[in-house]
Amino acid sequence: MATKLLLAIVQDQDAGRVVEALVAERFGATRINTAGGFLKRGNATILVGVDETAVDDAIATIDRNCEGRAVPEQGVSVGAGTVFVLGVNQFLRL
Ligand code: 2BA
């Protein structure tokens, strides 16, 4: 059973809903308050350790609960989410 680590960067206003939806679907999730390098606005990085067979389900849950938004004053659009899928060497629960 291989574990993956999702590292999902979402906008602040969506983060609570994303975490609640993940937990309701029995995924483990950890929210870290972060900030984007370009806009320097608060955003959230959500860590989700998940079996590789459930990666697509977890990403779909994240996607359903966040949305892209335009930031006209900066002339950019922030995407709904930026997701990295990382391999995990070991997953230990002590
Ligand atoms: P920020 O760095 O604050 O970027 C916000 C939005 O500004 C980006 O939306 C993109 O549309 C634009 N942007 C970012 N860097 C730019 C640049 N050098 N020149 C012109 N426009 C730029 P997203 O791409 O949806 O990214 C949303 C947030 O996700 C980012 O916030 C950052 O916190 C994170 N992120 C995105 N790509 C990343 C990456 N490759 N590595 C690490 N974090 C990333």
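Here, the structure is the one placed above.
What counts, and where the lines are drawn
Residues numbered from 1 in each chain as written. Predicted model: local features only at pLDDT ≥ 70, side-chain atom pairs only at ≥ 80, totals over all residues. Heavy atoms only, no water. Salt bridge = Lys/Arg side-chain N within 4 Å of Asp/Glu carboxyl O. Buried < 20%, exposed > 50% of the residue type's maximum accessible area, 1.4 Å probe, protein only. Helix = DSSP H or I, 4+ residues; strand = E, 2+ residues; numbered from the N terminus. Contact = heavy atoms within 4.5 Å. Near = heavy atom within 4 Å. Polar contact = N/O pair within 3.5 Å; in protein donor to acceptor, adjacent residues only side chain to side chain. Areas by Shrake-Rupley, 256 points an atom, 1.4 Å probe, with all protein chains shown as cover.

Caption draft 1: The arrangement of the pattern of salt bridges in detail. For the structure shown, the criterion picks out 6 salt bridges. When the shortest N-O distance is used, the salt bridge between Arg 69 and Glu 67 registers 3.8 Å. With relative accessibility at 43%, the residue Glu 67 sits in the partly exposed group.

Caption draft 2: Up close: the side chain of Thr 3. The residue Thr 3 is located in strand E1 (residues 3-11) in this model. Setting aside chain neighbours within four positions, we find Thr 3 in contact with Gly 49, Val 50, Asp 51, Gly 87, Val 88 and Phe 91.

Caption draft 3: Structural detail: the site of the ligand. Taken together, the neighbourhood of the ligand is formed by Ile 9, Gly 36, Gly 37, Phe 38, Leu 39, Asn 43, Val 76, Ser 77, Val 78, Gly 79, Thr 82 and Phe 84. Backbone polar atom of Phe 38 to an oxygen atom of the ligand: 2.9 Å apart, as the coordinates give it. Within the side chain of Thr 82, an N or O atom sits 3.4 Å from an oxygen atom of the ligand. Protein coverage of the free-state accessible area of the ligand, which is 750 Å², stands at 51%. Of all the secondary-structure elements, those providing two or more residues to the shell around the ligand are strand E5 (76-78) and strand E6 (81-87).

Caption draft 4: Highlighting the environment of Asp 51. Inspection of the secondary structure puts Asp 51 in strand E3 (residues 42-51). For the pair formed by Asp 51 and Thr 3, sequence separation is 48 residues and the distance between their alpha carbons is 4.5 Å. Discounting chain neighbours no more than four positions away, the residues touching Asp 51 are Met 1, Ala 2 and Thr 3. Of note is the side chain of Asp 51, whose polar atom sits 2.5 Å from the side chain of Thr 53.

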